[in-house]
Amino acid sequence: AGKMADYKRSGLQLQLCISVPRRVAFLGWVCVLLCVIFAEPGSGTTHWIVTEDGKIQQQVDSPLNLKHPHDLVIFMRQETRVNYLKELEKQLVAQKIHIEENEDRDTGLEQRHYKEDADCITAKVPLGDLDLYDGTFISLESKDIRPEDYVDPISPLPPDLEKPDCTKILDLPYSIHAFQHLRGVQERVNLTSPLLSKEDPIFSSLSRKLGRSMDEVGHQIHEALLRNSSSWVLYNLASFYWRMKNEPRHVVECAVRALHFSPRQHKDIALVNMANVLHRAHFSADAAILVHAALDITSDFLTSHYTLGNIYAVCIRASHPLPAGAVFCFFQQDLSIILLMS
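Residue positions within a chain follow its written sequence, with the count starting from 1. Totals for whole chains, interfaces and linings use all residues, but because this is a predicted model, local features are given only for residues with pLDDT of at least 70 and pairs of side-chain atoms are given and counted only at 80 or more. Calculation of side-chain values draws on the structure's entire complement of heavy atoms; hydrogens and water are dropped beforehand.

**Student:** Would you mind showing me how to read the packing of aromatic side chains here?
**Tutor:** Two descriptors summarise a pair of aromatic rings, namely the distance from one centre to the other and the angle between the planes of the rings. By convention, a stacked pair of Phe, Tyr or Trp rings (six-membered ring in the case of Trp) has centres within 6.5 Å and planes under 30 degrees apart, an edge-to-face pair has planes over 60 apart, and any other such pair is tilted. Throughout the structure, instances matching the rule amount to three aromatic pairs. Summarising the aromatic geometry, the rings of Tyr235 and Phe261 are spaced 5.9 Å apart at their centres and angled 5° between planes, so their arrangement reads as stacked. Taken together, the positions of Tyr235 in helix 9 (residues 232–244) and Phe261 in helix 10 (residues 248–261) put the pair 26 residues apart, joining distant regions of the chain. The buried label applies to any residue whose accessible area, calculated with a 1.4 Å probe on protein chains only, is under 20% of its type's maximum; exposed applies above 50%, and partly exposed to all values in between. We classify Phe261 as partly exposed; its relative accessible area is 27%. Helix and strand assignments follow DSSP, with helices taken as H or I runs no shorter than four residues and strands as E runs no shorter than two, numbered in order from the N terminus.

Here you go:
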């Protein structure tokens, strides 16, 4: 049977009826199924062009791509954004050409930049000379919380002191809210960390009121957790204890439990603490995610921004080797990293 087309008009609706052999219809469905199976996922775009030969092609890396194509305001601002990007590209290309033309002539460029640039003068120290793993933490006392109120420091101590093993206190189910989807958290059993300096700020995180020695403090936290296994304060104390012991696995175990039980306004304590450990274990990208989450809720912007600045500095230095003539200065006053390319 040949193809027969019958156009029927019903009101405003136009219907096209086509009669085809069963074999052709079957092969058509097979073709559609194969297209669905082998189609490349995630290649959607909102920018299409008509080529010279009449084909319609998508532009994947186009600046005209819209993340929210339904947003009329963003759509109307497309031209302004594209013009800005074009101008920025011209400036960057001009700077690159300038650097390449002068890198062999001006041998004292870097030292002169250290001496003359305002940010470098303020920083006083080049980025390469800074300790980018400098420890930070948000104290419980800054939240008007007295840690000694959560333990019993006057109770008699047994001869064999226990340690606050958070995994034995509580079996925590998987929770994305505790950031257990991060690779560094998932691989916490294998985390390693360099030895801590005696000047690391974390050694001032636990009050002397909790015990006369680190072992006594650890035992007091352990006993308190046995009495109250859902205390976010105690889990934070335990994570501080293990961080001072340089045991990153236990730090993460206690910190995720602290996150699980913490009120939203206090989650920044565990987030910054865990970020420090992951950063030192070379999971800096995961650490950055944690600090960004802390910045959404914290009131201690100084600590969070300083921590994030160190993390980004390591990420930049590791991922992008410095080009000739490039100078990094760490501007601690504004807690920002400035890449100077001139």
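**Student:** Which parts of the structure should I look at to understand the state of the cysteines?
**Tutor:** The rule for a disulfide is simple: a pair of cysteine sulfur atoms within 2.5 Å. Within this structure, the stated rule accounts for one disulfide. The residue that forms a disulfide with Cys166 is Cys254, at a sulfur-sulfur distance of 2.0 Å. The sign of the S-S torsion, about 100°, decides the handedness of the disulfide formed by Cys166 and Cys254: right-handed. Residue Cys166 is found in helix 6 (residues 166–169), and its partner Cys254 is found in helix 10; the two are separated by 88 residues along the sequence. Its relative accessible area of 1% is what places Cys166 among the buried residues. Judged by its relative accessible area of 0%, Cys254 is buried.

**Student:** How do you make sense of the packing of helix 9 against helix 10 when you look at a structure like this?
**Tutor:** Any two packed helices are characterised by how steeply their axes cross, that is the angle between the axes, and by the distance between the axes. An axis is simply a line fitted to the C-alpha atoms; with a helix, the fit covers only the stretch in contact. Between two such axes, the angle follows the N-to-C directions and lies from 0 to 180 degrees. At a minimum axis separation of 8 Å, helix 9 and helix 10 run at an interaxial angle of 160°. Here helix 9 lies roughly antiparallel to helix 10, going by the angle between them. As helix 9 runs across helix 10, the sense of the crossing is left-handed. Residue-level contacts link Trp232, Tyr235, Asn236, Ala238, Ser239, Trp242 and Arg243 of helix 9 to His250, Val251, Cys254, Ala255, Arg257, Ala258 and Phe261 of helix 10. Here the contact of helix 9 with helix 10 is composed, by residue class, of nine nonpolar, three polar and two charged. Small angles under 35 degrees read as roughly parallel and large ones over 145 as roughly antiparallel, with 65 to 115 read as roughly perpendicular and the rest as oblique. Left-handed is the label given to a crossing in which the near helix is rotated counterclockwise from the far helix by less than a right angle, and right-handed is the label when the rotation is clockwise. In what follows, residue pairs with any heavy atoms lying within 4.5 Å of each other are defined as contacts. Polar here means any residue outside two lists: the nonpolar Ala, Val, Leu, Ile, Met, Phe, Trp, Tyr, Cys and Pro, and the charged Asp, Glu, Lys and Arg; Gly therefore counts as polar.

**Student:** Please explain the pattern of salt bridges as it appears in this structure.
**Tutor:** Should the charged atoms of two oppositely charged side chains come close, the side chains can pair. Just to be clear on terms, a salt bridge is a Lys or Arg side-chain nitrogen sitting within 4 Å of an Asp or Glu carboxyl oxygen. Counted by the stated rule, this structure contains nine salt bridges. Linking Glu148 and Arg146 is a salt bridge whose minimum nitrogen-to-oxygen distance equals 3.5 Å. Relative accessible area serves as the criterion here: at 15%, Glu148 is assigned to the buried category. Owing to a relative accessible area of 45%, Arg146 belongs among the partly exposed residues under this scheme.

**Student:** Is there a simple way to think about the environment of Arg208 in this case?
**Tutor:** Along the chain, Arg208 turns up in the loop between helix 7 (183–186) and helix 8 (214–227). Of the residues examined, Arg208 reaches a relative accessible area of 80% and is grouped as exposed. Placed 60 residues apart in sequence, Arg208 and Glu148 show a C-alpha to C-alpha distance of 9.3 Å.

**Student:** Where do I start with helix 10 in this structure?
**Tutor:** Every α-helical turn comprises 3.6 residues, leaving residues that sit three or four positions apart pointing alike. To estimate how far a helix should reach, multiply one less than its number of residues by 1.5 Å. Taking 1.5 Å of rise per residue, 14 residues should cover 20 Å, and helix 10 covers 20 Å from first to last C-alpha, within 8% of that figure. Inspection of helix 10 places Pro248, His250, Val251, Val252, Glu253, Cys254, Ala255, Val256, Arg257, Ala258 and Leu259 among the buried residues, and these make up the whole buried set. Of the surrounding secondary structure, the elements contacted by the buried residues of helix 10 are helix 6, helix 7, helix 9 and helix 11 (267–280).

**Student:** Just checking my understanding: could you explain the side chain of Thr136 for this structure?
**Tutor:** Structurally, Thr136 can be placed in the loop between helix 5 (118–123) and helix 6. Engagement of the side chain of Thr136 in a polar contact is seen with the side chain of Asn276, the distance being 2.9 Å. We define a polar contact as two N or O atoms separated by no more than 3.5 Å, with the added condition that, inside protein, one atom must be a possible hydrogen donor and the other a possible acceptor, whereas residues neighbouring each other in sequence contribute only through side-chain atom pairs.

**Student:** Any chance you could explain the nonpolar core here in plain terms?
**Tutor:** In globular proteins that are soluble, nonpolar side chains generally tend to be buried together. As used in this record, nonpolar core signifies buried Ala, Val, Leu, Ile, Met, Phe, Trp, Tyr and Cys residues forming a set joined through side-chain atoms within 4.5 Å. Counting residues in each nonpolar core, the largest one holds 58 residues, and the members touching the most others are Leu206, Leu237, Val252, Leu271, Met274, Leu278 and Leu290. Per element, the largest residue contribution to this core is 10 residues, and it comes from helix 9. Among all residues touching Val252, those that are not within four sequence positions of it are Val185, Arg188, Leu191, Met274, Val277 and Leu278.

**Student:** Explain the confidence of the model for the protein here, please?
**Tutor:** When pLDDT is low, close inspection of the predicted coordinates is not appropriate. On a range of 0 to 100, pLDDT expresses the predictor's confidence in each residue. Model confidence for the protein is summarised by a mean pLDDT of 78, while 77% of its residues fall at 70 or above. Predicted confidence for residues 1–20 stays below pLDDT 50, and this span has 18 contacts to residues more than four positions away or in other chains. Per-residue pLDDT stays below 50 along residues 32–43; that stretch engages in one contact with residues further than four places along the chain or on separate chains.

**Student:** What am I meant to see in the side chain of Gln78 here?
**Tutor:** Note that Gln78 resides in helix 3 (residues 78–102). If sequence neighbours within four positions are ignored, Gln78 has contacts with Leu64 and Leu66.

**Student:** It is not clear to me how a nonpolar patch on the surface should be interpreted in this structure. Could you clarify?
**Tutor:** Two distance rules govern patches: like charges are joined within 9 Å, and nonpolar side chains (Val, Leu, Ile, Met, Phe, Trp, Tyr) within 5 Å, applied only to residues with over 30% relative accessible area and no salt bridge. Calculation of accessible area relied on Shrake-Rupley with a 1.4 Å probe; when residues are assessed, cover is drawn exclusively from the protein chains displayed. Judged by side-chain polarity, Tyr84, Leu85, Leu88 and Leu92 come together as a nonpolar surface patch covering roughly 380 Å² of accessible area. Here Leu92 is to be found in helix 3.

**Student:** Help me understand the packing of helix 10 against helix 11, please; the structure alone is not making it clear to me.
**Tutor:** Their axes nearest at 9 Å, the elements helix 10 and helix 11 cross at an angle of 160°. Put simply, helix 10 runs roughly antiparallel to helix 11. In this structure, helix 10 crosses over helix 11, and the sense of that crossing is left-handed. For the pair helix 10 and helix 11, contact is made by Pro248, Val251, Val252, Ala255, Val256, Ala258 and Leu259 and by Lys267, Ala270, Leu271, Asn273, Met274, Val277 and Leu278, respectively. Considering only residue class, the contact of helix 10 with helix 11 consists of 12 nonpolar, one polar and one charged.

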